[in-house]
Amino acid sequence: MKSLIVTLLGLLSCAPSCLAVNPIIQTLFTADPAPMVYNDKVYLYTTHDEDGSTWFTMKDWRVYSSDDMVNWTDHGSPLSLDDFSWASKDAWAAQCIERNGKFYFYICAHHTELNRMAIGVAVSDSPTGPFVPPFDEPLVAAHWGDIDPTVFIDDDGQAYLYWGNPHLWYVKLNEDMISYDRELGVVQVPLTQEGFHTREEVTEERPSAYEEGPWLYKREELYYMLYPAGGVPEHLAYSYGPSATGPWQYGGVIMEVIEEGGAFTNHPGLIEYKGNAYLFYHNGALPGGGGFNRSVCVEPFEFNADGSIPLIEPTREGVVEAVAWLNPYRRVEAETIAWTGGVETERDAQVGMVVTDIDDGDFIRVRSVDLGEGPAQFTASIAAAESGGSIEIRLDSRDGTLIGTCSLEAGNSPDDWVMQSCDVAPITGVHDLYFVFEKVSQKQVRFDFWKFSKQG
Ligand code: FUB
């Protein structure tokens with residue numbers, strides 16, 4: 001990934017859009033966003049387009065979290081194709097939900113024996129996994145087109161799993177969330193034009209605008225079904241109804257086809273968090289990106305007074321404001337990133353997720369950091385093969401005021417994690433921080449976490 005995009009990303013990040021925040025993940029290609037609010041945090045599950053893909057070549061799912069909507073912590077891959085004995089390729093769209101302290105992750109992947117896609121489930125005690133399938137077979141393998149599951153638990157406790165392309169199907173999940181009401185079976189939703197509008201070329205297979213990627217959501221008394229629509233290139237649209245099973249009424253377009261920097265697919269995920277509504281979607285706008293190398297983005301929006309969803313503009317600069325300040329006086333994972341020019345992340349056997357692949361001039365931007373009365377020292381946990389190079393700490397832009405420079409020392413081996421500190425200027429208030437890496441190339445520097453200590 002890095003070789004492909006680093007130069008362009010660096011340029012992009014230092015253009016006037018030094019403030020660029022879309023796409024929100026720059027360390028790899030992500031698609032099919034599925035946000036989940038749990039315990040006052042947003043967990044963002046995504047698929048993962050392999051670098052340089054010329055098809056939907058996808059092997060694992062990824063998870064990120066945020067409690068401010070602008071900095072995203074990378075938790076790595078909680079689940080991959082290797083976890084499903086029946087699946088061999090195509091780790092496509094997925095969604096996770098919590099019930100009674102357990103997390104249920106519904107995925108779709110290619111069923112080797114059946115030679116078509118099927119829906120699977122995996123379970124975890126933690127939103128960041130690892131997830132384990134409870135049995136060695138898919139949850140649903142009923143038709144060609146069993147892709148893109150969306151899951152929803154209604155106020156009465158009944159859970160629904162919807163999915164499908166080009167048809168839309170659902171089952172009522174049992175309380176265990178890993179089986180469904182077999183008596184009712186799989187229900188096919190009639191894709192009427194009243195419910196799902198129309199498309200340019202209507203066929204028997206595709207009688208409405210509905211294409212794939214459903215997202216079921218409830219707000220106040222209204223149920224919403226969001227979906228990519230129209231055929232490719234896809235726009236996003238929605239239908240609404242009085243219950244989780246409709247009847248559905250077409251609501252309108254919520255995001256037009258993204259002309260510049262779009263992918264030919266799109267995929268919606270809607271949450272409300274800390275009083276705001278957000279639409280997650282994907283584009284192809286990272287350098288090296290496109291239809292098979294996509295990236296997850298987010299836009300805030302407001303529901304109209306009558307509950308309808310407005311047309312939402314995709315932006316590159318991003319208009320999401322922080323909904324909380326980041327506290328730098330507690331440990332902050334280095335892989336908590338608003339924007340990066342260059343670095344990647346990986347799982348280290350000792351310490352978990354870390355920032356890696358750091359070269360001269362690479363940087364990490366962390367937004368909306370509350371420095372309070374002012375810091376005294378910066379400390380970072382670093383592993384390096386050789387001493388030398390530094391992290392510059394800059395304020396508000398890549399070339400902003402330098403408030404400290406932390407020289408990097410190697411431990412006894414490249415895997416030794418060493419705490420390294422330096423004094424910093426006692427700047428007060430809320431700022432964006434830029435960690436700029438200087439003269440680190442060849443030293444195999446990796447970065448685990450950082451924190452400031454307070455004055456006095
Ligand atoms: O990411 C692979 C497939 O592309 C998804 O399952 C569809 O929704 C489309 O985004």
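Conventions and cut-offs
Residues numbered from 1 in each chain as written. Predicted model: local features only at pLDDT ≥ 70, side-chain atom pairs only at ≥ 80, totals over all residues. Heavy atoms only, no water. Pairing = 2+ DSSP bridges. Helix = DSSP H or I, 4+ residues; strand = E, 2+ residues; numbered from the N terminus. Axes fitted to C-alpha atoms, helices over the stretch in contact; angles between N-to-C directions. Contact = heavy atoms within 4.5 Å. 1 Å grid on protein atoms, 1.4 Å probe; cavity = no way out; pocket = protein on both sides within 12 Å on 5 of 7 lines; lining within 4 Å. Points joined across faces, edges and corners; volume = space filled by probe spheres on them. Nonpolar A, V, L, I, M, F, W, Y, C, P; charged D, E, K, R; others polar. Phe/Tyr/Trp six-rings, centres within 6.5 Å; stacked < 30°, edge-to-face > 60°. Buried < 20%, exposed > 50% of the residue type's maximum accessible area, 1.4 Å probe, protein only. Lys NZ or Arg CZ within 6 Å of the ring centre and 35° of its normal. Salt bridge = Lys/Arg side-chain N within 4 Å of Asp/Glu carboxyl O. Near = heavy atom within 4 Å. Polar contact = N/O pair within 3.5 Å; in protein donor to acceptor, adjacent residues only side chain to side chain. Areas by Shrake-Rupley, 256 points an atom, 1.4 Å probe, with all protein chains shown as cover. Sits in = over half its atoms within 2 Å of the grid points.

**Q** What am I meant to see in the sheet that holds strand β12 (residues 187-188) here?
**A** To summarise the sheet geometry, strands pair through backbone hydrogen bonds and adopt either a parallel or an antiparallel arrangement. If you walk across this open sheet you meet the four strands as β9-β10-β11-β12, and the pairing is antiparallel. If you trace the sheet from one side to the other, it starts and ends with β9 (150-153) and β12, each paired once. Pairing of strand β11 (residues 169-173) with β12 involves two bridges; the strand directions are antiparallel. Among the inter-strand pairings, Trp169 is bridged to a residue of β12, identified as Gln188.

**Q** Explain the sheet that holds strand β17 (residues 269-273) here, please?
**A** Strands sit in the order β17-β18-β19 across an open sheet of three strands; the sheet is antiparallel. Edge positions in the open sheet fall to β17 and β19 (295-301), since each of these has one partner strand only. If you compare each strand with its neighbour and ignore which way they point, the axes differ by 30 degrees on average. Note that strand β18 (residues 276-283) and β19 share seven bridges and pair antiparallel. Residue pairing across strands places Tyr281 opposite Cys297, the latter belonging to β19.

**Q** Honestly, the side chain of Ser308 in this entry has me stumped. Any pointers?
**A** By the secondary structure assignment, Ser308 is in the loop between β19 and β20 (332-333). Each residue touching Ser308, except ones within four places of it in the same chain, is listed here: Tyr238 and Phe303.

**Q** Got a minute to help me understand empty space enclosed by the protein in this structure?
**A** By rolling a water-sized probe across the atoms, one finds the places where empty space is left. Counted by the stated rule, this structure contains four cavities of 30 Å³ or more. Here the largest cavity is characterised by a volume of approximately 80 Å³. If you trace the largest cavity, you find it lined by Ile24, Ile25, Gln26, Thr27, Tyr64, Trp72, Asp74, Glu335, Ile337, Thr340 and Thr345. Looking at side-chain class alone, the lining of the largest cavity contains five nonpolar, four polar and two charged residues. The computed volume of the second largest cavity comes to approximately 60 Å³. If you go around the second largest cavity, the residues you meet are Val21, Asn22, Ile24, Met69, Val70, Trp72, Val298, Val320, Ala338 and Arg367. In the lining of the second largest cavity, the residues fall into eight nonpolar, one polar and one charged.

**Q** What exactly am I supposed to notice about the packing of aromatic side chains here?
**A** What describes a pair of aromatic rings is the distance from one ring centre to the other and the angle between the planes of the rings. Evaluated as defined, the whole model comprises 34 aromatic pairs. Ring geometry for Tyr162 against Tyr170: centres 4.9 Å apart, planes inclined by 35 degrees, an arrangement best described as tilted. A relative accessible area of 0% means that Tyr162 is categorised as buried. Among the residues examined, Tyr170 registers a relative accessible area of 9% and is labelled buried. Among the aromatic side chains, those forming a connected cluster through ring pairs are Tyr45, Trp61, Phe84, Trp86, Phe105 and Phe131. The side chain of Arg219 reaches across the aromatic face of Phe303, ending 4.0 Å from its centre. Between Lys454 and the ring centre of Tyr329, over which it is positioned, the NZ or CZ distance is 5.0 Å.

**Q** Before we go on, may I ask you to explain the environment of Phe301 in this structure?
**A** Structurally, Phe301 can be placed in strand β19. Look at Phe301 and you get buried, because its relative accessible area is 8%. C-alpha separation for the pair Phe301 and Val320, spaced 19 residues apart in sequence, amounts to 9.4 Å. In this view, Phe301 contacts Leu270, Ala277, Tyr278, Leu279, Ile309, Pro310 and Ile312; residues no more than four positions away in its chain are not counted.

**Q** Where do I start with the pattern of salt bridges in this structure?
**A** For the coordinates displayed, the defined rule picks out 15 salt bridges. Two residues, Arg219 and Glu272, come together in a salt bridge whose shortest N-O distance is 3.1 Å. Residue Arg219 is found in strand β13 (residues 215-219), and its partner Glu272 is found in strand β17; the two are separated by 53 residues along the sequence. Among the ionic contacts, a cluster of salt bridges with common partners joins Glu346, Asp348, Asp415 and Arg446.

**Q** Looking at this structure, how should I read the site of the ligand?
**A** The immediate surroundings of the ligand are formed by Asp32, Phe56, Met58, Trp92, Ala93, Asp148, Glu212, Thr265, His267, His282 and Arg294. In this structure, Asp32 approaches the ligand through a side-chain N or O atom, which is 2.4 Å from an oxygen atom. Taking Asp148, its side chain carries an N or O atom lying 2.5 Å from an oxygen atom of the ligand. Considering the ligand on its own, with 270 Å² of exposed area, one finds that the protein chains cover 99% of that surface. For the ligand, the cavity whose grid points lie within 2 Å of the majority of its atoms is the largest pocket. Partitioned by chemical class, the residues of the shell around the ligand number four nonpolar, three polar and four charged.

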